[in-house]
Amino acid sequence: MEFKRVCDLEGIVKLWNRNIEVVYPIDLKLLGQNYENDKQNKSIMGAFENGILVGFVIYKQWTYKSGNLKPNHEIGYINSIIVDINYRNRGIGTKLLEIAEGNLIGLGVKKIRLGSDTYHFFPGIPLECLCSRQFFLKRNYKIEDSFYDLICDISKIKFEKLPQEKCNTEKYKVETLKSQDRKSLMQFLCKSFPGRWYEEFEEFFNIGMEDRDVVVLKDEDAVIGFAHIYDNKSKFIGPSIYWRRLLGENYGGLGPIGIDKDYRKCGLGVFILHKSLEILQGRHVDKMVIDWTDVDILDFYGKFNFMPWKEYKKAVKEVL
């Protein structure tokens, strides 16, 4: 067995889909978008038998800023690791992880997280991959909270009949982003979400995200809330539509979503969510996903009939 760096993204896609396509189907467009645009220090290590790729691990070090947050070189990530089903239980996965961890430690990393990296595929350990949780537990990763992707067929929801939030929304306007409001949007993000979301919006506009993919909540001319939405015409593939092949032709997605810190706790989050779903419904979206949701806000989305679809476990490892 030979272990060496991988440059062949097509080979990664084939190996990935040969093993977990039924629950996490990937394509070259998504893999290329996420790997090539990520500015972190990153690498792919592969396992080869007779020149054939039979396993890989994608790993990263946090070396690039996150909005106004400086990078922390002591944090590393295992983005994904897969060994072909026909080559498991031979120590290949263990060896790949050891190589990735060793390289990260050599760069000064002291904490390794599973998933949750920039341009991630998973916010944690995907529990559909049944052996993965035990694999990482045996290798001294601490398993923590759950995250969820939620799903709903919004074509079956009559939003006008749902209970309305008891708040005065007449003074506020919800609409898809206009080019003249981009500056206000970025000022809002810098103020209330100055880290990863602020950074991602700057990047995503440069690699395909369009104004139609952003819903904004406005108080007069100032943006005070947003939701990132997706449908089958979205050029940028965000986390909520990563697994779009499982959602049918008229798929959709949403996330993240947020309100200005000075306008919270008065029902405006439900208001912009409601209007965003109506916009997607107007685009004939059927099944849609809201990604990477904490357990304590499941009820927030449950008001609109969203239910858990996929579960992930946060996992970290402290290294010396």
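The structure this text deals with has already been given above.
Below is a short write-up of the structure. Since this is a predicted model, take the numbers as computed values, not measurements. (Residues numbered from 1 in each chain as written. Predicted model: local features only at pLDDT ≥ 70, side-chain atom pairs only at ≥ 80, totals over all residues. Heavy atoms only, no water.)

## Considerations on unusual backbone geometry
Following G255, the chain continues to P256 via a peptide bond in cis, the omega torsion being 5°. Along the polypeptide, P256 turns up in strand β11 (residues 252-259). Despite not being glycine, Y119 shows a phi value in the positive range, around 55°. Residue placement: Y119 occurs in the loop between β5 (111-114) and β6 (125-126). Assessed through its relative accessible area of 8%, Y119 is described here as buried. A positive phi angle, close to 70°, is found at N140, a residue other than glycine. For N140, the location among the structural elements is in the loop between α4 (132-137) and β7 (142-153). Residue class for N140 comes out exposed when judged on its relative accessible area of 59%. (Helix = DSSP H or I, 4+ residues; strand = E, 2+ residues; numbered from the N terminus. Buried < 20%, exposed > 50% of the residue type's maximum accessible area, 1.4 Å probe, protein only.)

## Here's the deal with the pattern of salt bridges
According to the stated counting rule, one finds 28 salt bridges in the structure shown. In this structure, K39 and E203 form a salt bridge, with 3.8 Å as the shortest nitrogen-oxygen distance. A residue pair is termed long-range when its members are at least 10 positions apart, and K39 in the loop between α2 (28-37) and β2 (41-49) and E203 in helix α6 (residues 196-206) qualify at 164 residues. Residue class for E203 comes out buried when judged on its relative accessible area of 11%. Across the pair K218 and D181 runs a salt bridge, and its minimum N-O distance is 3.0 Å. Residue K218 is found in strand β9 (residues 214-219), and its partner D181 is found in the loop between β8 (172-176) and α5 (182-192); the two are separated by 37 residues along the sequence. (Salt bridge = Lys/Arg side-chain N within 4 Å of Asp/Glu carboxyl O.)

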